[in-house]
Amino acid sequence: MENTYSEPVNEGKRGTKFQWTAEEDDKLVECLLELAGDVKWKAENGFKAGFTAKLEELLEKKLPGCGIKASPHIESRYKTLRKQYRAIADMLGPNASGFGWNDNEKMVVVEKQIFEDWVKMLRDCGISASLILMT
């Protein structure tokens, strides 16, 4: 079976950027769920120190030869996933109205004007919606 893992993408002056595949993302989330259920790694507001090294180990077992490293790959992707999760939780939380969840498509649904108002509210608070949603 052919390796379908990520390849680094040249970003010019910024160095190389690691592009995650859907399979790698799926396996990372599986590993995060494993750690979340393990009292040795679960902390009050997330995970204990060193959890990214453990994730690297778990990912290597699930995706042999993937080359995904704790730093910078997992740390960066974890940060992105947390931002996206928080944005979705905010959209679907009790303080936001007009947002819904399409279970078939596994995505948030909202009318354009409500979304634009939400983005404006974030900007007014000094938060960039593009950093949250598009990374």
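A brief look at the structure comes next. Owing to the predicted nature of the structure, the values given are computational and were not obtained by experimental measurement.

### Digging into the overall build of the protein
The number of helices and strands found in the protein is 5 helices and 6 strands. Here the protein holds 135 residues, and the buried ones make up 27% of them. Summarising the internal contacts of the protein: among those between residues at least 6 apart in sequence, 36% fall at separations of at least 24. In the structure as shown, the protein presents an accessible area of about 9,500 Å², 53% of it carried by carbon and sulfur atoms.

### Details of unusual backbone geometry
Here serine 71 and proline 72 are connected by a cis peptide whose omega angle stands at 10°. Position of proline 72 among the secondary structure elements: in helix H3 (residues 70-92). Despite not being glycine, lysine 106 has its phi angle at roughly 55°, a positive value. Relative to the helices and strands, lysine 106 is located in the loop between strand S5 (100-102) and strand S6 (107-109). For lysine 106, a relative accessible area of 51% corresponds to the exposed category.

### Here's the deal with the side chain of threonine 52
Tracing the sequence through the fold places threonine 52 in helix H2 (residues 51-62). Apart from residues lying up to four places away in sequence, threonine 52 is in contact with Ala70, Ile74 and Glu75.

### Considering the packing of H2 against H3
As a packed pair, H2 and H3 sit with axes 10 Å apart at the nearest point and diverge in direction by 100°. Judged on the interaxial angle alone, H3 and H2 are roughly perpendicular. Where H2 approaches H3, its residues Phe51, Thr52, Ala53, Leu55, Glu56 and Leu59 are matched on the opposing element by Ala70, Ile74, Glu75 and Tyr78. Residues of the contact of H2 with H3, tallied by class, amount to 7 nonpolar, 1 polar and 2 charged.

### Description of the layout of surface pockets
Gaps left between atoms show up when a probe the size of a water molecule is rolled over them. The space that makes up the largest pocket amounts to roughly 780 Å³. In this structure, the largest pocket is lined by 24 residues; those nearest its centre are Leu81, Arg82, Gln84, Tyr85 and Arg86. For the lining of the largest pocket, the element with the most residues is H3, which contributes 8 residues.

### Observations concerning the nonpolar core
Ranked by internal contacts, the top residues of the largest apolar core, which has 17 residues, are Leu55 and Leu59. The residues contacting leucine 55, other than those within four sequence positions of it, are Leu28, Cys31, Leu32, Leu35 and Ile74. Of all hydrophobic cores here, the second largest spans 7 residues; its members include Ala87, Ala96, Phe99 and Val119.

### A word on H2
Under the 1.5 Å per step criterion, the end-to-end length of H2 is 16 Å for 12 residues, consistent within 8% with the ideal 16 Å. The complete set of buried residues in H2 reads Phe51, Thr52, Leu55, Leu58 and Leu59. Along the axis of H2, the buried residues cluster in a sector spanning 115°; they form a single face. Here the buried face of H2 lies against helix H1 (22-36), strand S4 (46-47) and H3.

What counts, and at which threshold
Residues numbered from 1 in each chain as written. Predicted model: local features only at pLDDT ≥ 70, side-chain atom pairs only at ≥ 80, totals over all residues. Heavy atoms only, no water. Helix = DSSP H or I, 4+ residues; strand = E, 2+ residues; numbered from the N terminus. Buried < 20%, exposed > 50% of the residue type's maximum accessible area, 1.4 Å probe, protein only. Contact = heavy atoms within 4.5 Å. Areas by Shrake-Rupley, 256 points an atom, 1.4 Å probe, with all protein chains shown as cover. Axes fitted to C-alpha atoms, helices over the stretch in contact; angles between N-to-C directions. Parallel < 35°, antiparallel > 145°, perpendicular 65-115°, else oblique. Nonpolar A, V, L, I, M, F, W, Y, C, P; charged D, E, K, R; others polar. 1 Å grid on protein atoms, 1.4 Å probe; cavity = no way out; pocket = protein on both sides within 12 Å on 5 of 7 lines; lining within 4 Å. Points joined across faces, edges and corners; volume = space filled by probe spheres on them. Core = buried A, V, L, I, M, F, W, Y, C linked by side-chain atoms within 4.5 Å. Expected span 1.5 Å × (residues − 1). Arc of directions from axis to C-beta.

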